[in-house]
Amino acid sequence: MSSTQIRATPPLVRSLLLAAALTLAACSRPEPPTLRPELAAVTAITARGIDLRVQLQVYNPNGVDLSTRSLKANVLLDGKYDVGTVTVPAPLKLASKQWTRLDVPLSVKWQDLTSIAALTAQRQGVPYQVDGTVAIGGETLNVDVPFRLAGTITHEQLVQAVQSSLPGLPLPGLR
């Protein structure tokens, strides 16, 4: 085929090829959303476990709306005591090209009360860490986006939890 024949391509064929190229460029691979952790606040410590409220900002960089499906979180106390993992539904629409706040209550059951009692005996606040993922999905994208938050449980909150969990057990010097 000579260069003269290539240039002689009918205008309709050239238009269709251009339209196909533009369509392929417009259908680029979706980008994963961005999470900006804001807050992990302890709302209650009870005989059953620890309740927290997790707040995240989620940015959807795509040209289509997405939805969050669930939030999975693991809580660790003092860098070594695994409180447990919980998965909760967290349905929320993520509008295209916008930040959206995700506010999710979590309730994690104690796995080992003796560790909590040992932390209480330290007579100080205890750092906690929440590591998790948010499951986000739409028609063209399904992804688990990770996050990490941290805070401190006060000594008073721990004392109240241990005393309500183990009623009648003498706990000298914990206050």
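**Things to note about the overall build of the protein**
Step number 1: When its secondary structure is counted, the protein shows four helices and seven strands.
Step number 2: Mapped from its N terminus to its C terminus, the protein presents α and β elements in the order α-α-β-β-β-β-β-α-β-β-α.
Step number 3: Among the 175 residues that make up the protein, the fraction classed as buried is 37%.
Step number 4: For the protein, contacts bridging at least 24 residues in sequence account for 67% of all contacts bridging at least 6.

**Digging into the sheet that holds strand β2 (residues 49–60)**
Step number 1: The strand order across the open sheet formed by three strands is β1-β2-β5, and the pairing between neighbours is antiparallel. Edge positions in the open sheet fall to β1 (34–45) and β5 (98–109), since each of these has one partner strand only. Pairwise comparison of adjacent strand axes, ignoring direction, gives a mean angle of 15 degrees for this sheet.
Step number 2: With ten bridges connecting them, β1 and β2 associate as antiparallel partners. When the bridges of β2 are listed, Leu 39 appears paired with Gln 55.

**Regarding the side chain of Thr 68**
Step number 1: Tracing the backbone shows Thr 68 in strand β3 (residues 66–77).
Step number 2: One polar contact links the side chain of Thr 68 to the main-chain carbonyl oxygen of Ala 90, over a distance of 2.4 Å.
Step number 3: Those residues in contact with Thr 68 that sit more than four places away from it in its chain are Ala 90, Pro 91, Leu 92, Leu 94, Leu 102, Val 134, Ala 135 and Ile 136.

**Describing the packing of aromatic side chains**
Step number 1: According to the stated counting rule, one finds one aromatic pair in the structure shown.
Step number 2: Consider the rings of Tyr 59 and Trp 99, whose centres lie 5.2 Å apart with planes at 40 degrees: the pair is tilted. One end of the pair, Tyr 59, is in strand β2; the other, Trp 99, is in strand β5, with 40 residues separating them in the sequence.
Step number 3: Here Tyr 59 falls in the partly exposed class, since its relative accessible area comes to 23%.

**Digging into helix α3 (residues 113–120)**
Step number 1: Of the positions making up α3, those classed as buried are Ser 115, Ile 116, Leu 119 and Thr 120. Down the axis of α3, the smallest arc covering the buried residues is 145 degrees, so these residues share one side.

**Some thoughts on the sheet that holds strand β7 (residues 142–153)**
Step number 1: Strands sit in the order β4-β3-β6-β7 across an open sheet of four strands; the sheet is antiparallel. Edge positions in the sheet fall to β4 (81–94) and β7, since each of these pairs with one other strand and no more. Each neighbouring strand pair of the sheet contributes to a mean axis angle of 20 degrees, computed without reference to strand direction.
Step number 2: Alignment of strand β6 (residues 126–137) against β7, held across twelve bridges, turns out to be antiparallel.

**Digging into the environment of Asp 112**
Step number 1: By the secondary structure assignment, Asp 112 is in the loop between β5 and α3.
Step number 2: Note: C-alpha distance between Asp 112 and Gly 84 (28 residues apart in sequence) is 9.5 Å.

**So, unusual backbone geometry**
Step number 1: Residue Lys 97 is not a glycine yet carries a positive backbone phi of 60 degrees.
Step number 2: The topology assignment puts Lys 97 in the loop between β4 and β5.
Step number 3: Residue class for Lys 97 comes out exposed when judged on its relative accessible area of 51%.
Step number 4: Not every positive phi belongs to a glycine, and Arg 123 is a case in point at roughly 60 degrees.
Step number 5: Position of Arg 123 among the secondary structure elements: in the loop between α3 and β6.

Basis of the calculations
- Residues numbered from 1 in each chain as written.
- Predicted model: local features only at pLDDT ≥ 70, side-chain atom pairs only at ≥ 80, totals over all residues.
- Heavy atoms only, no water.
- Helix = DSSP H or I, 4+ residues; strand = E, 2+ residues; numbered from the N terminus.
- Buried < 20%, exposed > 50% of the residue type's maximum accessible area, 1.4 Å probe, protein only.
- Contact = heavy atoms within 4.5 Å.
- Pairing = 2+ DSSP bridges.
- Axes fitted to C-alpha atoms, helices over the stretch in contact; angles between N-to-C directions.
- Polar contact = N/O pair within 3.5 Å; in protein donor to acceptor, adjacent residues only side chain to side chain.
- Phe/Tyr/Trp six-rings, centres within 6.5 Å; stacked < 30°, edge-to-face > 60°.
- Arc of directions from axis to C-beta.

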